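Working through the structure, step by step
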2 protein chains.
Amino acid sequence: MLRTHTCGELTLKNAGQEVTLSGWVHKNREMGGLTFVDLRDRYGITQLVFDANKDKELGEKAAKLGREFVIKASGKVVERSSKNAKITTGEIEIIVTSFEILNASKTPPFTLDENTDGGEELRMKYRYLDLRREPIKNNLLNRHKVAKAVREYLDSKGFADIETPFLIKSTPEGARDFIVPSRVNQGEFYALPQSPQTFKQILMVAGFDRYYQIVRCFRDEDLRADRQPEFTQIDCEMAFVEQEDILQMFEGMVKHVFKSVRNIEMGNFPRMTYADAMKYYGNDKPDTRFGMLIHDITSAVKGKGFKVLDDAETVGCISVPNASEYSRSQTDELIEFVKRPQIGAKGLIYVKYGADGSLKSSVDKFYTPEDLKKWADAAEAKPGDLILVVSGPAAITRRALCELRLEMGTRLGLRSKSVYNPLWVIDFPLLEEDKEAGRWNACHHPFTSWKKEDEHFFETGELGKIRANAYDLVINGVEVGGGSIRIHDRKNQEKMFNTLGLSKEEVELKFAFILNAFEYGAPPHGGLAFGLDRFASMTIANEENIREFIAFPKNNAGRDMMMDSPSTIDAAQLKELGIKIEVK
Amino acid sequence: MLRTHTCGELTLKNAGQEVTLSGWVHKNREMGGLTFVDLRDRYGITQLVFDANKDKELGEKAAKLGREFVIKASGKVVERSSKNAKITTGEIEIIVTSFEILNASKTPPFTLDENTDGGEELRMKYRYLDLRREPIKNNLLNRHKVAKAVREYLDSKGFADIETPFLIKSTPEGARDFIVPSRVNQGEFYALPQSPQTFKQILMVAGFDRYYQIVRCFRDEDLRADRQPEFTQIDCEMAFVEQEDILQMFEGMVKHVFKSVRNIEMGNFPRMTYADAMKYYGNDKPDTRFGMLIHDITSAVKGKGFKVLDDAETVGCISVPNASEYSRSQTDELIEFVKRPQIGAKGLIYVKYGADGSLKSSVDKFYTPEDLKKWADAAEAKPGDLILVVSGPAAITRRALCELRLEMGTRLGLRSKSVYNPLWVIDFPLLEEDKEAGRWNACHHPFTSWKKEDEHFFETGELGKIRANAYDLVINGVEVGGGSIRIHDRKNQEKMFNTLGLSKEEVELKFAFILNAFEYGAPPHGGLAFGLDRFASMTIANEENIREFIAFPKNNAGRDMMMDSPSTIDAAQLKELGIKIEVK
């Protein structure tokens, strides 16, 4: 080793020892013939002292060291006169007697401190420098701890870590597949897995009983800020289980991870039906750190001659506590908020429910205080609340109120980073209608089973009413995982494919292997998957910022800025694969 | 859960308990109104008894159960009259009072016993059935144990498990890349990694100090029996190290794995130079479980008028102990062995060194016993040995003697499955000449550093003499891992690319990111990678049969027989990607 110790371990106990350290020049300053260098490695920072008064050559060479130079220095550990209590090694320094420059460094294009001056593009291009920064470094080291805790738990519960293939068959569902041309079989293609879904089910048919894998998945989607074309999944499946067994098992896993990594003890996870989540929170991943529930007040507002509300499909509201004194400019800001194109509401009506019980609104022309009292009652508002009312088509109204609720929660400081509120959302619908395409899609995926008591809705054609045996784990409004009890017999699986509008030929071509497998003793089974990037981000930082938890993320255009990829390739390579570029 | 216990846990201690088991009907036999079912799950087999005398309906339903039906059965644990000492549950049976068929099964197309009657093709197509077989199931469960032991060790040594991307840039080296067309950037392509080589080096530049990953790698090679287009690597890298540190660290890892998984204590690993391995064993991965070293006897055989040997570039031999009594047909068989096209030798000369000291050969016409004594001395042969002599071009002679040695080792039972002989092979050459293409290739890869003392051979043009800081770990003749100390400065890396004949433009296009990274404080670093498929196969079974240790392997044509992949894809999918099929 080019060192006897790391830069993070020497303390007063080592005083007097001759040591050798290697690392990066973090900071470098001169004072009266002395050069002080903060030498940094993954484990910490140690102060080196080069004394030009004692060794002129050494001192001069040290004075020339630039930021991020890599050096190996030997010397004696001594007690420091001015100690630094912030770091473990702050009580000592090394009086260097000899050193060697292992590698020089150009000046980094941005500072490598906790808060860097580097913009996103630059940081992505020089990712190897960005990764030296303390917060990003710790994110990745902590991500490892999350994965390790997951493995510990699943290993202890008898789950077998079994690897599934990456070069599989293209069976696009929802998202697009990335495909891989085959050279040996020209004109044919592999696909990269969107998830190991069918393989884990096959492993249940094979009798492995409990499976897990921490595995890369691929989706060729149009990218959004929080999406990556490749992402990592904690993928799990169990045989001979019912929904309750899975919820218990993975609630245990999450508790174990939070205890191991953050020393946080979590209580039992509450549960909420999809229907209630949509009704009271406006989406299927409620942030339950605060209340401010959505209320439907449609029937309370109609019939007073105000056309906007009289004609509205839905009228809903939230009651914001202690905000009845909001100024005109504050309420105007909220109106602009819901009118943003991402939300698309037409506007916002507000009712100020004064602490004295008075009721004033932006629609006083149409509604008396007595009318407004009915609104307030329907909204379960209290004196001092600001009631924010949105009207219009149900979906837009719901979205607007959902976003407004989250925005007000943030503004009022109700979304604390020190609070974790996990929640199981259950009873998802099985199917959702794509009216444009004139068909039904699987909400979760086509392998999800349905509740037996809803079976009759297949016959009545009320497909939207069929509830799936599907569940999501939501933490503070972020969906970190989800899964379902699967179909495990050929007949029901065919019924599902048929309901989704797949032809017999299509089914045969894409899914013959799993339908066949179901005919050879497939056990009842189910499972779930956690997004590791998101789960790590939530566990470590209580925020959803996955790029800061991935060593080499891609940008919004799916590009790796460091490697400059994707890129063109040799014509010869394409020829071998039997493909040709034909850009439209 | 659809069970109270697994099929592997009930013993006499549970006698009298009411239990519910779920699993597969492994065997089913009737005897005087009693139906006995061996119920199987991942954990074991438990005998169920259905008594038609007590419950006719139950008995009749049980009698109809077919092989591999999935059932859930409840009843009482009782002591068995005829016990089965071979299985944990062999002292009890369950008197079933009720059961349910969870899923039926067609009759499997092959038997699911330890030794199946199913051919390779059929087993691959119905992989979910093949995986139910005890040996394959155990292979995969033990593979998990190997990976787990690897993680335990590396975690304990401070290695950080950091994930690297799968959608990277095409930089083909040696093997071909699999490529992935980009839809968002039409005409451009990602490549799947042949290994995370450059990323792990970047992580060292980023200061992570110790990295590992158990990660899938991809090579689009023409397939051989023991190759898969995708395979798993235990990928490791360390900063501030020299070769010795790496050998020590990973010797420790292998010892830990063997101790954990097999309870085998390994002594310290011997080391051998590449030059000695080639000289004495004829290849760079010697099986050192037995001696029978190769000797060069070129100078001892020349000048006696036998043209074959007089003209030969090289004459080499091995001395096979206690084989001087081999019959004519046995020696003829060995002659055919070396003449096989895979080996390509012209023939074989033998000398029988009798236990009485007599010397007889297949070339007695040209050589007196005194001449042959010189051969025997040069070969370090002992009375009783059969000396097998091969002559011809050096490379073919070496290969023939290498294969002959292994064959004789097998025939004489010297390659015991209960013996593990690990070996570090060191001092590999840096470069090898491709005479046809008129260029030099990297033996390991272009990021490997060379020994400083051999630097001058760059100037003299004796490139073949430059030794690399590269090493392989060989166990019983199987290469399970290998690595090197890397180049860590831009100048030497450019020198290497230049030596390999890459143009400046090519280097800039493919490797700019790593050359740039080397300019910002790259530490000295090195590492290695183990092939997990091979390492698991060796650890568990002491044989190289990777397909039996992969859940879903591909066949020799790179096809997944179960999924039937690769396959054709929709024209619309290709159009979106901006590519067109043009099969030649």
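Residues numbered from 1 in each chain as written. Chains lettered and ligands numbered in written order. Predicted model: local features only at pLDDT ≥ 70, side-chain atom pairs only at ≥ 80, totals over all residues. Heavy atoms only, no water.

Details of the packing of aromatic side chains
Applying the stated rule across the entire model yields 45 aromatic pairs over all chains. With 6.0 Å between their ring centres and 75° between their planes, Phe166 of chain B and Phe218 of chain B make a pair best called edge-to-face. In this pair, Phe166 of chain B sits in the loop between strand S6 (160–161) and strand S7 (179–181) while Phe218 of chain B sits in strand S9 (residues 210–218), placing the two residues 52 residues apart along the sequence. Here a set of aromatic residues connected by ring pairs shows up, and it is made of Phe166 and Phe218 of chain A together with Phe166 and Phe218 of chain B. One cation-aromatic arrangement involves Arg405 of chain A over Phe290 of chain A; the distance from NZ or CZ to the ring centre is 3.9 Å. Residue placement shows Lys125 of chain B over the ring face of Tyr126 of chain B; its charged tip is 5.6 Å from the ring centre. (Phe/Tyr/Trp six-rings, centres within 6.5 Å; stacked < 30°, edge-to-face > 60°. Helix = DSSP H or I, 4+ residues; strand = E, 2+ residues; numbered from the N terminus. Lys NZ or Arg CZ within 6 Å of the ring centre and 35° of its normal.)

Quick notes on the relation of the copies chain B and chain A
Mapping chain B onto chain A calls for a rotation angle of 180° and an axial translation of 0.0 Å; the resulting RMSD is 0.1 Å. Here the symmetry operator amounts to a two-fold rotation axis. Interface overlap between copies: 99% of the residues of chain B at the interface are likewise at the interface in chain A, consistent with a symmetric, same-surface contact. (Least-squares fit on C-alpha atoms with pLDDT ≥ 70 in both. Contact = heavy atoms within 4.5 Å.)

Brief notes about the pattern of salt bridges
Residue and element names in this part refer to chain A. Tallied over the full model, the rule gives 102 salt bridges over all chains. In this structure, Lys200 engages Asp235 in a salt bridge whose closest nitrogen and oxygen atoms are separated by 2.8 Å. Residue Lys200 is found in helix H5 (residues 197–205), and its partner Asp235 is found in strand S10 (residues 230–239); the two are separated by 35 residues along the sequence. Since its relative accessible area comes to 1%, Lys200 is described here as buried. Asp235 sits in the buried class, given a relative accessible area of 0%. (Salt bridge = Lys/Arg side-chain N within 4 Å of Asp/Glu carboxyl O. Buried < 20%, exposed > 50% of the residue type's maximum accessible area, 1.4 Å probe, protein only.)

Describing the interface of chain B and chain A
Facing 127 residues of chain B, the contacting portion of chain A comprises 126 residues. Around 11400 Å² of area is buried between chain B and chain A when both sides are counted, 59% of it from carbon and sulfur atoms. Area buried by chain B at its contact with chain A is led by Phe240, Tyr520 and Met563 of chain B, which between them contribute 8% of it. Taken together, the connections running from chain B to chain A amount to 18 salt bridges. Two residues, Glu163 of chain A and Arg216 of chain B, come together in a salt bridge whose shortest N-O distance is 3.2 Å. Linking chain B to chain A there are 71 residue pairs in polar contact (both at pLDDT 80 or more). Ranked by residues supplied to the side of chain B that touches chain A, first place goes to helix H4 (residues 134–156) of chain B with 8 residues. (Buried area = accessible area lost by both parts, 1.4 Å probe. Polar contact = N/O pair within 3.5 Å; in protein donor to acceptor, adjacent residues only side chain to side chain.)

What about the environment of Arg415 of chain B?
Residue and element names in this part refer to chain B. Residue position: Arg415 is located in the loop between helix H12 (394–411) and strand S17 (422–426). Linking Arg415 and Arg183, residues 232 residues apart in sequence, is a C-alpha distance of 53 Å. Apart from the residues within four sequence positions on either side, Arg415 is in contact with Asp287, Arg289, Phe290, Leu406, Gly409 and Thr410. At 2.9 Å, the side chain of Arg415 forms a polar contact with the side chain of Asp287. There is a polar contact of 3.0 Å between the side chain of Arg415 and the side chain of Thr410.

Looking at empty space enclosed by the protein
Evaluation of the coordinates by the stated rule reveals 12 cavities of 30 Å³ or more. As a volume, the largest cavity reaches approximately 390 Å³. As for the largest cavity, its lining consists of 27 residues, and the residues nearest its centre are Arg151 and Ile214 of chain A together with Arg151, Ile214 and Val215 of chain B. Secondary-structure elements contributing two or more residues to the lining of the largest cavity are helix H4 (134–156) and strand S9 (210–218) of chain A together with H4 and S9 of chain B. (1 Å grid on protein atoms, 1.4 Å probe; cavity = no way out; pocket = protein on both sides within 12 Å on 5 of 7 lines; lining within 4 Å. Points joined across faces, edges and corners; volume = space filled by probe spheres on them.)

Examining the sheet that holds strand S22 (residues 525–531) of chain A
Residues and elements named next belong to chain A. Spatial strand order, S6-S9-S10-S22-S21-S20-S17-S11: 8 strands in an open sheet with mixed pairing. One side of each edge strand has no neighbouring strand; the edge strands of this open sheet are strand S6 (160–161) and strand S11 (271–273). Both strand S21 (residues 478–485) and S22 contribute to a ladder of 5 bridges, which runs antiparallel. Among the inter-strand pairings, Gly482 is bridged to a residue of S22, identified as Ala529. The strands touched by helix H6 (residues 243–262) within the sheet are S9, S10, S11, strand S17 (422–426), strand S20 (470–475), S21 and S22, with S20 carrying the most contacts at an inclination of about 20°. (Pairing = 2+ DSSP bridges. Axes fitted to C-alpha atoms, helices over the stretch in contact; angles between N-to-C directions.)

Re the sheet that holds strand S13 (residues 314–320) of chain A
All names here are of chain A. Spatially, the 5 strands line up as an open sheet ordered S12-S13-S16-S14-S15, and their pairing is antiparallel. At either end of the open sheet lies a strand with only one pairing partner, and these are strand S12 (295–296) and strand S15 (359–361). By the bridge criterion, 7 bridges tie S13 to strand S16 (residues 386–392) in an arrangement that is antiparallel. From the neighbouring strand, Ser319 faces S16, where its bridge partner is Ile387.

Quick notes on the domain arrangement of chain A
For interface size, the figure often reported is the accessible area lost on association. You can read the domains of chain A as domain 1 (12–103), domain 2 (138–162 + 194–272 + 419–584) and domain 3 (290–411). Using C-alpha coordinates to define each centre, domain 2 of chain A is positioned 37 Å away from domain 3 of chain A. (Domains from an automatic or database assignment.)

A short note on the packing of helix H6 (residues 243–262) of chain B against helix H16 (residues 532–541) of chain B
Residues and elements named next belong to chain B. One can describe the packing of H6 onto H16 by two numbers: an axis separation of 10 Å at closest approach and a directional angle of 50°. Considering the angle they form, H6 stands oblique to H16. When the axes of H6 and H16 are compared, the crossing they make is right-handed. Residue-level inspection shows Val254, Val257, Phe258, Val261 and Arg262 of H6 in contact with H16, the latter providing Phe535, Thr539 and Ile540. The residue inventory of the contact of H6 with H16, partitioned by class, reads 6 nonpolar, 1 polar and 1 charged. (Parallel < 35°, antiparallel > 145°, perpendicular 65-115°, else oblique. Left-handed = near helix turned anticlockwise from the far one by under 90°. Nonpolar A, V, L, I, M, F, W, Y, C, P; charged D, E, K, R; others polar.)

Some remarks on H16 of chain B
Residue and element names in this part refer to chain B. By the criterion of burial, H16 is predominantly enclosed, with 9 of the 10 residues buried. Among the residues of H16, those classed as buried are Leu532, Asp533, Arg534, Phe535, Ala536, Ser537, Met538, Thr539 and Ile540. Just beyond H16, the residue with positive phi is Asn542, at close to 50°.

Brief notes about the pairing of S13 of chain A
All names here are of chain A. The buried count for S13 comes to 7 of 7 residues, which makes it a mostly enclosed element. Neither face of S13 is exposed, since Thr314, Gly316, Ile318 and Val320 on one face and Val315, Cys317 and Ser319 on the opposite face are all buried. Alignment of S12 against S13, held across 2 bridges, turns out to be antiparallel. Looking across to S13, one finds that His295 is bridged to Cys317.

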